[in-house]
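# Per-entry structural report
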Amino acid sequence: MKRRLLMLAAGLSSALALSGCSTPKITDYATQKPVLELRDYFNGTLDAYGIFTDRSGQVVRRFTVVMVCSWQGDQGVLDEAFSYSDGSTQRRVWRLQRLADGRYTGQADDVVGTAEGQQSGNAFHWTYTLALPVDGRVIEVQFDDWMYLMNDKVMLNKAAMRKWGVGLGEVTLSFVKR
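The sections below set out a description of the structure shown in this document. (Residues numbered from 1 in each chain as written. Predicted model: local features only at pLDDT ≥ 70, side-chain atom pairs only at ≥ 80, totals over all residues. Heavy atoms only, no water.)

So, about the pattern of salt bridges. For the structure shown, the criterion picks out 11 salt bridges. Close ionic contact of D109 with R95 constitutes a salt bridge, the shortest N to O distance being 3.9 Å. Highlighted residues: D109 in the loop between β5 (103-107) and β6 (111-120) and R95 in strand β4 (residues 89-98), separated in sequence by 14 residues. Assessed through its relative accessible area of 77%, D109 is described here as exposed. The closest approach of N and O atoms between K158 and E170, which form a salt bridge, is 3.6 Å. A residue pair is termed long-range when its members are at least 10 positions apart, and K158 in strand β9 (residues 154-163) and E170 in strand β10 (residues 166-177) qualify at 12 residues. A network of salt bridges, in which partner residues are shared, links E37, R39, D74 and R98. (Salt bridge = Lys/Arg side-chain N within 4 Å of Asp/Glu carboxyl O. Helix = DSSP H or I, 4+ residues; strand = E, 2+ residues; numbered from the N terminus. Buried < 20%, exposed > 50% of the residue type's maximum accessible area, 1.4 Å probe, protein only.)

Pasting the structure below:
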């Protein structure tokens, strides 16, 4: 009995230790340069180029985005115009609110509830639920979205998509500031 309890405790300890190491934290990037200031980077017109890969890594969809961004104080608007490789288009308008300590909230028509994010160093971590049209119906998927400023013109973005905790795929984007 003691041996079983020890093995169970060891297994739980290992699982907890591994789970603590597996997820990056925004503070991991606090000293990384160049420092990202969302109000500066997402201001003006940007072009983005992206792909969606399914859980096996296959590219399922390619797209471009033209973003027109503006700020008035701590309130920002990111107007995104998507063009997909199949000829379809989509528009999403984010309304952002800058809070204390590098935190942000955001809303858009196809975002369920409020998106929450935080900036630190050269990185921005953003989580939200998106109402995504798929095959004639709408499903709610969770996004775990990371952005990394490379220089004053380029930012890279990688977002994991999940439904009920199950990975559906990833979105990879590069933003280029005009």
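Let's pick the thread back up.
Attention now goes to the layout of surface pockets. A volume near 830 Å³ is recorded for the largest pocket. Mapped onto the lining of the largest pocket, the elements with two or more residues apiece are β1 (44-54), β2 (59-72), β3 (75-84), β4, β7 (123-134), β8 (137-149), β9 and β10. One number sums up the size of the second largest pocket: a volume of about 170 Å³. Lining the second largest pocket, in full, are I26, T27, L99, R103, Y104, T105, E116, G117, Q118, H125 and T127. Sorting the residues of the lining of the second largest pocket by element identifies β5, β6 and β7 as the ones contributing at least two each. Taken together, the residues of the lining of the second largest pocket break down into three nonpolar, six polar and two charged. (1 Å grid on protein atoms, 1.4 Å probe; cavity = no way out; pocket = protein on both sides within 12 Å on 5 of 7 lines; lining within 4 Å. Points joined across faces, edges and corners; volume = space filled by probe spheres on them. Nonpolar A, V, L, I, M, F, W, Y, C, P; charged D, E, K, R; others polar.)

Another point: the sheet that holds β2. Spatially, 10 strands are ordered β1-β2-β3-β4-β5-β6-β7-β8-β9-β10 in a closed barrel, and the strand pairing comes out antiparallel. Here the strands of the sheet are splayed against their neighbours by 25° on average, with no regard to which way each runs. (Pairing = 2+ DSSP bridges. Axes fitted to C-alpha atoms, helices over the stretch in contact; angles between N-to-C directions.)

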